[in-house]
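Architecture and fold: a report
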Amino acid sequence: GESVGLHLPTLSVQEGDNSIINCAYSNSASDYFIWYKQESGKGPQFIIDIRSNMDKRQGQRVTVLLNKTVKHLSLQIAATQPGDSAVYFCAETNRREAAGNKLTFGGGTRVLVKP
Amino acid sequence: SAVISQKPSRDICQRGTSLTIQCQVDSQVTMMFWYRQQPGQSLTLIATANQGSEATYESGFVIDKFPISRPNLTFSTLTVSNMSPEDSSIYLCSVALGAPNYGYTFGSGTRLTVV
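Read on for an overview of the structure. All residue numbers refer to positions counted from 1 along the written sequence of the respective chain. Throughout, the order in which chains and ligands are written sets their labels, letters from A for the former and numbers from 1 for the latter. For a predicted model such as this one, the threshold for reporting local features is a pLDDT of at least 70, and the threshold for listing and counting side-chain atom pairs is 80 or more; totals across whole chains, interfaces and linings nevertheless cover every residue. Only hydrogens and water are set aside when side-chain values are computed; all heavy atoms of the structure are taken into account.

In this complex, chain B contributes 28 residues to the contact, which on the side of chain A involves 28 residues. We define buried area as the total accessible area lost by two parts upon association, computed with a 1.4 Å probe and summed across both. Buried surface at the junction of chain B and chain A, both sides included, amounts to about 2100 Å², of which 53% is carbon and sulfur. The rule for a salt bridge is simple: a side-chain nitrogen of Lys or Arg has to be within 4 Å of a carboxyl oxygen of Asp or Glu. Here chain B is connected to chain A by 1 salt bridge. For Glu58(B), the salt bridge identified is with Lys102(A), shortest N-O distance 2.9 Å. Whenever two N or O atoms come within 3.5 Å, that pair is a polar contact, provided that in protein one can donate a hydrogen and the other can accept it, and provided that, for residues adjacent in sequence, both atoms are side-chain atoms. The interface formed by chain B and chain A includes 6 residue pairs in polar contact (both at pLDDT 80 or more). Numbering of helices and strands runs from the N terminus; a helix is a DSSP stretch of H or I covering at least four residues, while a strand is a stretch of E covering at least two. When contributions to the side of chain B that touches chain A are tallied by element, the ones reaching two or more residues are strand 4 (31-37), strand 9 (89-96), strand 10 (104-106) and strand 11 (110-114) of chain B. Taken together, the residues that form the side of chain B that touches chain A break down as 14 nonpolar, 12 polar and 2 charged. In what follows, a contact means two residues having at least one pair of non-hydrogen atoms within 4.5 Å. Nonpolar residues are Ala, Val, Leu, Ile, Met, Phe, Trp, Tyr, Cys and Pro. Charged residues are Asp, Glu, Lys and Arg, and all others, Gly as well, are polar.

Shown next, in the form of structure tokens:
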């Protein structure tokens, strides 16, 4: 069957190491950013989000960094585990605290965790 | 967050035929979105579907090819019409959440193969 991420850039990481996934966004008006994880055969799953009034936000084993000056977003995964193997997408939107603005997705990065 | 049920989960269709994909949400939502994910690619927005109004299509997508229904606040359908092999993709529905989360949830997708 089809696989997600066949043609996407791949990040190979040793189990236990930290992973850093980068994303460049294009719209300077975007004020809300989300990282999604997509495993084969599934829809994108929310990992962490960040608003434009922040430059860092931490979750469980994940940290998102936002640099608005250069329009760059990164996702750091601490102590990468085999279950982290998936394709990761960043997404941006201009929400202005109102529900419903469309998301624009980045190209995606496939993370492969080596045991 | 909202739970989305999307069906069919996969289908193999003959060229020239049409397939209707259903998206059911367990709560009322204002905005629903339909995405296409071509093999090994990121997600591309097809259209935004609001209840009680015509869907808004993105550049490159037209209503004749991808008619959308949104009869109520918990349901939407996307039809892929007059299919060709180039329509082979994963099709995903998504909903925008309201306060306090303002996030987006995705269905598990419909994997369409056109032969």
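Residues and elements named next belong to chain A. Pairing between two strands is assigned when DSSP locates at least 2 bridges connecting them. For strand 5 (residues 56-58) and strand 6 (residues 62-67), the ladder comprises 3 bridges, and the chain directions are antiparallel. Its bridge partner lying in strand 6, lysine 56 is registered against leucine 65. Linkage of strand 5 to strand 6, two consecutive antiparallel strands, is achieved through a turn of 3 residues, within which arginine 61 is found at a positive phi near 65°. Relative to strand 7 (residues 72-77), strand 6 runs antiparallel, the two sharing 6 bridges. Across the sheet, the residue bridging to leucine 66 is leucine 73, located in strand 7. The antiparallel pairing of strand 6 with strand 7 creates a hairpin that spans 4 residues between the two strands, and lysine 71 there sits at a positive phi of about 50°.

The criterion for a disulfide is a pair of cysteine sulfur atoms lying within 2.5 Å. Tallied over the full model, the rule gives 2 disulfides over all chains. With a sulfur-sulfur separation of 1.7 Å, Cys23(A) is cross-linked through a disulfide to Cys90(A). Placement of Cys23(A) in strand 2 (residues 19-24) and of Cys90(A) in strand 8 (residues 86-93) is noted, with a sequence separation of 67 residues between them. The classification of residues rests on relative accessible area computed with a 1.4 Å probe and restricted to protein chains. Under 20% of the type maximum is buried, over 50% is exposed, and intermediate values are partly exposed. According to the relative accessible area criterion, Cys23(A) is buried, its value standing at 8%. Here Cys23(B) is linked by a disulfide to Cys93(B), with a sulfur-sulfur distance of 2.0 Å. Taking the sign of the S-S torsion, about 70° here, the bridge from Cys23(B) to Cys93(B) comes out right-handed.

Another aspect to go through is the environment of Asn53(A). Looking at the secondary structure, you find Asn53(A) in the loop between strand 4 (45-51) and strand 5. As a C-alpha pair, Asn53(A) and Leu66(A) span 13 residues in sequence and 9.4 Å in three-dimensional space.

Residue and element names in this part refer to chain A. Here the structure, examined in full by the defined rule, presents 5 salt bridges over all chains. One salt bridge in this structure joins arginine 61 and aspartate 84, with 3.0 Å as the shortest N-O distance. Of this pair, arginine 61 sits in the loop between strand 5 and strand 6 while aspartate 84 sits in the loop between strand 7 and strand 8, and the two are 23 residues apart along the sequence. Residue arginine 61 is classed as partly exposed on the basis of its relative accessible area of 30%. Owing to a relative accessible area of 7%, aspartate 84 belongs among the buried residues under this scheme.

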